[in-house]
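Residues per chain are reported as follows:
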Amino acid sequence: MPIPVPAAAEVTPQDFRLGMRGLVGNCSIITVGEGERASGLVVTSAISLSVEPPLLLVCVNRSASPHPVLVESGCFGLSSLGAAHQAVAERFSGAAGVRGPARYDGAEWETAVTGARLLKGAPAAFDCSLEEIIDRATHSIVIGRVRALRTTAGAGALVYWNGAYRAIDG
């Protein structure tokens, strides 16, 4: 039997953030751009949208510095992070002011079919062309058509829960 929840006047942003901390999110990085315009960010919102055709969906804050590069480039890489990739997550989150091409330092990358970069050793990495962007509130819902992918067995997973990264060994 469901537990009734008392009606509130309105859910505040603080209440919503606190509630979202209770959800476990798989950590992935989106990679976009080349050269000095190379950038990227960490997301916990990547999901499968369709198998036929292969589409994935991810939500990106429109105020994030990589957002305009994503829109202009027409392609992106999405690499799920493994248990050993916390340092990569921290760089792509902008910790310690790391921006742009410097986010790629300290990890190995490969260039995919579209030209996007994928993280070597990622549990799953998807090379995507930009299918559609739908703007809602502060974010864009980004739909990517998967052009190529690769997987790495035994890489584990990196998740974000209750305000912290947590490694799950493979």
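That block above? That's the structure.
This structure is a prediction, so every number in the text was calculated from the model and none was measured.

Draft legend 1. Layout of the overall build of the chain. Counting secondary structure elements, the chain contains three helices and 12 strands. What you see for the chain is a C-alpha radius of gyration of 17 Å, in line with the 15 Å of a compact globule of 170 residues. If you line up the chain on its principal axes, its C-alpha atoms span 50 × 40 × 35 Å. Counting all 170 residues of the chain, 36% fall into the buried class. Taking all contacts inside the chain whose residues are at least 6 apart in sequence as the whole, residues at least 24 apart take part in 62%. For the chain, the accessible area works out to roughly 9,600 Å², and carbon and sulfur atoms hold 57% of it. Computed over 14 positive and 15 negative side-chain charges, the separation of the two mean positions in the chain equals 3 Å.

Draft legend 2. View of unusual backbone geometry. The residue after Glu 52, namely Pro 53, is reached through a cis peptide bond having omega 0°. On the secondary structure map, Pro 53 appears in the loop between strand S4 (47-50) and strand S5 (55-61). In this structure, Ala 96 takes a positive phi of about 60° despite not being glycine. Its location among the elements puts Ala 96 in the loop between helix H3 (86-92) and strand S7 (109-111).

Draft legend 3. Inspection of the pairing of strand S10 (residues 139-151) at higher detail. One ladder, built from seven bridges, connects S5 with S10; its direction is antiparallel. Residue pairing across strands places Leu 56 opposite Gly 144, the latter belonging to S10. Here 12 bridges tie strand S9 (residues 124-136) to S10, and the two strands are oriented antiparallel to one another. Its bridge partner being in S10, Ile 133 is matched across the sheet by Val 142. Connecting S9 to the antiparallel partner S10 that follows it, the hairpin turn spans two residues, and Ala 137 within it adopts a positive phi of roughly 50°.

Draft legend 4. Local environment of the sheet that holds S5. Strand order in this open sheet of seven strands is S3-S2-S6-S9-S10-S5-S4, and the pairing throughout is antiparallel. The open sheet is flanked by strand S3 (39-43) and S4, the only strands paired with a single partner. Across this sheet, the average inter-strand angle for adjacent strands is 35°, counted without regard to direction.

Draft legend 5. The packing of aromatic side chains, seen in detail. All chains considered together, the criterion is met by four aromatic pairs. Seen in terms of ring centroids, Phe 92 and Tyr 104 are 5.2 Å apart; in terms of plane orientation they differ by 80°. Their pairing is edge-to-face. Placement of Phe 92 in helix H3 and of Tyr 104 in the loop between H3 and S7 is noted, with a sequence separation of 12 residues between them. With 4.9 Å between their ring centres and 65° between their planes, Tyr 104 and Trp 109 make a pair best called edge-to-face. Summarising the burial analysis for this pair, Tyr 104 and Trp 109 share the class buried. Counting every residue linked through ring pairs, the aromatic cluster contains Phe 92, Tyr 104 and Trp 109.

Analysis parameters
- Residues numbered from 1 in each chain as written.
- Predicted model: local features only at pLDDT ≥ 70, side-chain atom pairs only at ≥ 80, totals over all residues.
- Heavy atoms only, no water.
- Helix = DSSP H or I, 4+ residues; strand = E, 2+ residues; numbered from the N terminus.
- Rg over C-alpha atoms; globule rule 2.2 N^0.38 Å.
- Buried < 20%, exposed > 50% of the residue type's maximum accessible area, 1.4 Å probe, protein only.
- Contact = heavy atoms within 4.5 Å.
- Areas by Shrake-Rupley, 256 points an atom, 1.4 Å probe, with all protein chains shown as cover.
- Lys, Arg positive; Asp, Glu negative; His and termini not counted.
- Charge placed at Lys NZ, Arg CZ, Asp CG, Glu CD.
- Pairing = 2+ DSSP bridges.
- Axes fitted to C-alpha atoms, helices over the stretch in contact; angles between N-to-C directions.
- Phe/Tyr/Trp six-rings, centres within 6.5 Å; stacked < 30°, edge-to-face > 60°.

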